[in-house]
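# Fold and contact review
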Amino acid sequence: MKKWKGSTAAKIVAWILLTVSAVLCAGSVLAMIEMTNGDIYTDSEDEVRKDAFSTVANRYSLLAAYNYYNGASEENEKYFSGTSFQYGIIEGDSIEELDLNEEKTYLERNFSQKVKEQDLHIFSMELNDNTSISYKSGFLMGYAYISNHGQTYTSLYVDKICYDSFSGILYYKTLDNEYFPVQYVQFELQGKTYYLFYDFLTGQYMQRYDVGDTGAFAETTAETTAVNNVDSGKEGVQEPLVEELEENAEAEEEAAALQQLLAQETFNFNMLEEVGITRNQIGMLLLDGVREISMAELVSIDIEASGLSGNVAQTKDYYLDANYTLQVDYKGENRKQYTVVSVIPEETALAKGNPEDMFVQADKFVRLIYCWRYPVFVVCILSLALAVGSFVFLLSAAGHRKNTDEIILLPTDYAWLDLFFGIFCIAEILLLFVMQEFSYELPENPFLFLFLLAGLCMGWLLLWFILSFAVRYKQGKWWRNTLIYTMTAPIGRFLRMVWQNIDFLWKWIFILVFLAFCEFMGLLMFQYATGTLILVWFMEKVVLYVLFLYGLVQMKKLKEGGEKMAAGDLLYKIDTNRMAKDFKRHGENLNSISEGMSRAVDERMKSERFKTELITNVSHDIKTPLTSIINYVDLLEKEKLENATAEEYLEVLERQSGRLKKLIEDLIEASKASTGNLAVHLERLEAGVFMVQTVGEFEEKTRAAELDLQIKKPEQPVYIMADGRHFWRVIDNLMNNICKYAQPGTRVYINMEEKGNKVEITFRNTSKYPLNISSDELMERFVRGDSSRNTEGSGLGLSIANSLMELMGGTFRLHVDGDLFKVVLEFEMKYQ
């Protein structure tokens, strides 16, 4: 699997398999939906075949009637001669009381056998000059329909709006002296609003509903509009034709009479005179929801008396537009109603029929459907499984290449994800738009190909986007490669920076906000302060204050970095990322100083290590011959020497060899202590008892040196964590130092006290030699308080004691004040 993930060939194969399986899965799902809608799973094969044949018969019937209407009967004979379609065309929309076996019943037919009405397929239609036949693909041979909508409207200027005193109807008069009844009228009378519409069948205004019954009005209006505009393509003006019923106390009788009048089925404006209402009492009229006019502005005419009845337009396909111009459809008047009867062929008669015959095609299609109606489920499941598997493989293989475990990004994967998503959505919308636009212009077969191609392109685009997202997700932190993050990340970093330094910036923020408030108040008092000026001022303050706070934070970083370096943290580095040019240069200079100091310290430490190694190596080289000398001196002491001078020489040799041995041991120990090569075993010690026991061993030496030893310690036990052997050596070195260099006849003070969670042991004595050097110099190796070096010693005791204290985690402090010599040992207290 890992090998396949990096294979380009495997990815191409998976891509192809996903495409094919997705098409199969989608096609099988659509087929199952269509078969469910087509009742394939509930109806028998014969029932479905019958429905399919009816669809074919409708399609053929439309074509036959259409050709006959257009005088192309020879086209029918030519087209249907090779089919099983047997038909007869009858004028009218009904075949009741007609003898279907009489030749004269038909305008045209291609069968001669006797037929019965129950065995025929009957299809009625209305055709006119604007009729066209359209076909739409669908389940079971699709369907055909006629369209009587043509862009055949003629614009007629309305010269006058007239009132026919004979009929009580309002008319539009054109420049051609043609009269068109006003179809919708709205007017107010006695504080009430009335809605009327013109009925072309009765020649009167009708349909008056209560205002609250808007649903009934909408339904009736829609039906009436459909009747008035049959096949015209005009939606018409659909003003509410309802009546608002309100109480009118001042004219109850007139209102009752008016209500009785309006309750009649038909209405015209002459009827108002019957209830004592003149035309001048009517308020403004709203005609067809467009033109508003008063009754006084109407031109009175008498169409009947003037002999203008022939000038009244017969068409019902017109409407008044917003420019007060009539839009009239003159074509579509030559309407014909046809009924086509056809003989549905038998299934057996189609076995060897013409392959181009749609009945034969329908029969084969039904057979195919019933053959695949259940296997299509298996195809759907298998293709879905293959599609899911291929998709999962492509997701897991996205970003992988041969001979590397790294995720490799394609050039498109570096684009902003949200921008990539926006381009992807635009491309998908454009494909949908192209599919929609061409679906009305292309024939059925090319459209299906275009639909499939566009669907594949949309699927491939979606898969491309998903795989690109998968690669970014595997790369980690995919949201960082978005336009939104790129724009908002600096804002987030700035806010996080301000929050992290709020203890330092809050005073400055307060000052800046106060100054901005004062400046804003002054700006408001400025007479030319417009909204644009205030917006520019606000944007300027935001930019300046952000830069100012950013600079303050950078200066704080530089200050803290300098302080840490000054405190001895030579490894500290100032983060100069995202610093301004000058601040960044200064930070790099400070980092360079730190690096230089670190190099100097490293050189010093290297020199110290070299010195220590040299001392250790030399000491080991000297120790071997010295051991031989001591052994031979010991052998000579066991011999009886008669020469007194030789015995004195032997004593000097023994003493000096012992001193040299002690010096070498101190050198080795000092070297190990300074480099940390001594093993340390910390344990819980009772400091007071241990100190008294160790100091007690020097009682004879202090008495011989004429020193008065004063020890002071707490009554209760005090515990510390220390290595007993190293602690003893520290005290031993200090006591030897005191015995050698303390002024005879003086007191030596050894005090132990608790200070918080610390334990301090202090050694104080008065030196018998002038201490003209500092405490730091005394801590160095081979430095002795006796500058004349008349006493024994190596000058390593204090250095060794200091190193041992550091190894045990304690501190060693040396103080010199004139002849006063003071050493303080400090340990962490170990509680019980």
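Keep in mind it's a predicted model, so treat the numbers as computed, not measured. (Residues numbered from 1 in each chain as written. Predicted model: local features only at pLDDT ≥ 70, side-chain atom pairs only at ≥ 80, totals over all residues. Heavy atoms only, no water.)

## Digging into the overall build of the protein chain
For the protein chain, the helix and strand inventory stands at 21 helices and 27 strands. Counting across all 832 residues of the protein chain, residues that qualify as buried make up 39%. Within the protein chain, contacts between residues separated by at least 24 positions form 69% of all contacts whose residues are at least 6 apart in sequence. Counting only carbon and sulfur atoms, one obtains 57% of the accessible surface of the protein chain, whose full area is about 48,600 Å². (Helix = DSSP H or I, 4+ residues; strand = E, 2+ residues; numbered from the N terminus. Buried < 20%, exposed > 50% of the residue type's maximum accessible area, 1.4 Å probe, protein only. Contact = heavy atoms within 4.5 Å. Areas by Shrake-Rupley, 256 points an atom, 1.4 Å probe, with all protein chains shown as cover.)

## Describing the sheet that holds strand S20 (residues 336–343)
Strand order in the open sheet formed by four strands is S2-S1-S20-S3, with antiparallel pairing between adjacent strands. This sheet does not close on itself; its edge strands, each paired only once, are strand S2 (108–109) and strand S3 (120–127). Alignment of strand S1 (residues 86–91) against S20, held across six bridges, turns out to be antiparallel. Bridged to Gln86 within S20 is Val343. Seen against the sheet, helix H3 (residues 45–69) touches S1, S2, S3 and S20 and runs at an angle of roughly 45 degrees to S3. (Pairing = 2+ DSSP bridges. Axes fitted to C-alpha atoms, helices over the stretch in contact; angles between N-to-C directions.)

## Examining a nonpolar patch on the surface
Side chains of Trp499, Ile502, Trp506, Trp508, Phe510, Ile511, Phe514, Leu515 and Phe548 sit close together on the surface and give an oily, nonpolar patch of about 990 Å² of accessible area. Looking at the secondary structure, you find Leu515 in helix H13 (residues 502–524). Judged by relative accessible area, which is 46%, Leu515 ranks as partly exposed. (Patch = residues over 30% accessible without salt bridge, like charges linked within 9 Å, V, L, I, M, F, W, Y side chains within 5 Å. Salt bridge = Lys/Arg side-chain N within 4 Å of Asp/Glu carboxyl O.)

## A few points about the packing of helix H2 (residues 8–37) against helix H9 (residues 375–397)
H9 packs onto H2 with a crossing angle of 145 degrees between their chain directions and a minimal axis gap of 7 Å. Taken as a pair, H2 and H9 cross one another with a handedness that is left-handed. Of the residues in the contact of H2 with H9, the class split is 22 nonpolar, four polar and one charged. (Left-handed = near helix turned anticlockwise from the far one by under 90°. Nonpolar A, V, L, I, M, F, W, Y, C, P; charged D, E, K, R; others polar.)

## Brief notes about the side chain of Gln554
Checked against the element boundaries, Gln554 lands in helix H14 (residues 531–566). Gln554 has contacts with Arg578, Met579, Ala580 and Phe583, leaving out every residue within four places of it along the chain.

## Some remarks on the pairing of strand S27 (residues 820–828)
Sheet topology places strand S25 (residues 758–766) next to S27; nine bridges connect them, and they run antiparallel. Paired with Arg764 across the strands is Lys822, a residue of S27. Sheet analysis places strand S26 (residues 811–817) next to S27, joined by seven bridges and oriented antiparallel. Within S27, the residue paired with Leu814 across the bridge is Val823. Where S26 folds back onto S27 in an antiparallel hairpin, the turn is made up of two residues, including Gly818, whose phi is positive at roughly 70 degrees.

## Some thoughts on helix H21 (residues 797–807)
Across the eleven residues of H21, eight count as buried, placing the element largely inside the fold. Within the span of H21, buried status applies to Leu798, Ser799, Ile800, Ala801, Asn802, Ser803, Leu804 and Met805. Gly809 lies just past H21 and shows a positive phi near 85 degrees.

## Quick notes on a negative patch on the surface
Residues Glu637, Glu647, Glu648, Glu651 and Glu654 make up a contiguous surface patch of negative charge. Element by element, the count of residues in the negative patch is highest for helix H16 (residues 644–675), at four residues. The residue Glu637 is located in helix H15 (residues 581–638) in this model. (Lys, Arg positive; Asp, Glu negative; His and termini not counted. Charge placed at Lys NZ, Arg CZ, Asp CG, Glu CD.)

## Notes on the environment of Pro717
Following the sequence through the fold, Pro717 ends up in the loop between strand S22 (708–712) and strand S23 (719–722). Sequence-wise, Pro717 and Gly688 are 29 residues apart; in three dimensions their C-alpha atoms are separated by 6.8 Å.

## Remarks on the side chain of Asp288
Along the chain, Asp288 falls in the loop between strand S15 (285–287) and strand S16 (291–293). At a separation of 2.7 Å, a polar atom in the side chain of Asp288 contacts the side chain of Tyr172. One polar contact links the side chain of Asp288 to the main-chain amide nitrogen of Gln183, over a distance of 3.5 Å. (Polar contact = N/O pair within 3.5 Å; in protein donor to acceptor, adjacent residues only side chain to side chain.)

## Here's the deal with the sheet that holds strand S9 (residues 184–189)
Pairing is antiparallel in the open sheet, where six strands are placed in the order S14-S11-S10-S9-S15-S16. Each having just a single partner strand, strand S14 (266–267) and S16 make up the two edges of the open sheet. With three bridges joining them, strand S10 (residues 192–199) and strand S11 (residues 204–206) adopt antiparallel strand pairing. Its bridge partner being in S11, Asp199 is matched across the sheet by Gln204.

## Some thoughts on the pattern of salt bridges
For the structure shown, the criterion picks out 17 salt bridges. Asp159 is paired through a salt bridge with Lys173; the nearest N and O atoms lie 3.4 Å apart. Of this pair, Asp159 sits in strand S6 (residues 153–164) while Lys173 sits in strand S7 (residues 170–174), and the two are 14 residues apart along the sequence. Residue classification places Asp159 among the partly exposed residues on the basis of a relative accessible area of 33%. Since its relative accessible area comes to 13%, Lys173 is described here as buried. Close ionic contact of Lys541 with Glu519 constitutes a salt bridge, the shortest N to O distance being 2.8 Å.

## Notes on unusual backbone geometry
In the Ramachandran plot, Glu97 falls in the positive-phi region, its phi being about 65 degrees despite a non-glycine side chain. Residue class for Glu97 comes out exposed when judged on its relative accessible area of 84%. Phi angles above zero are rare outside glycine, and Asn177 is one such case at about 60 degrees. Mapped onto the fold, Asn177 is located in the loop between S7 and strand S8 (179–181).

## Looking at the confidence of the model for the protein chain
Of all residues in the protein chain, 82% have pLDDT values of 70 or greater, and the mean over the chain is 79. This stretch, residues 209–250, has a pLDDT under 50; its non-local contacts, to residues over four places away or in other chains, come to 84 contacts. (pLDDT = per-residue confidence, 0-100.)

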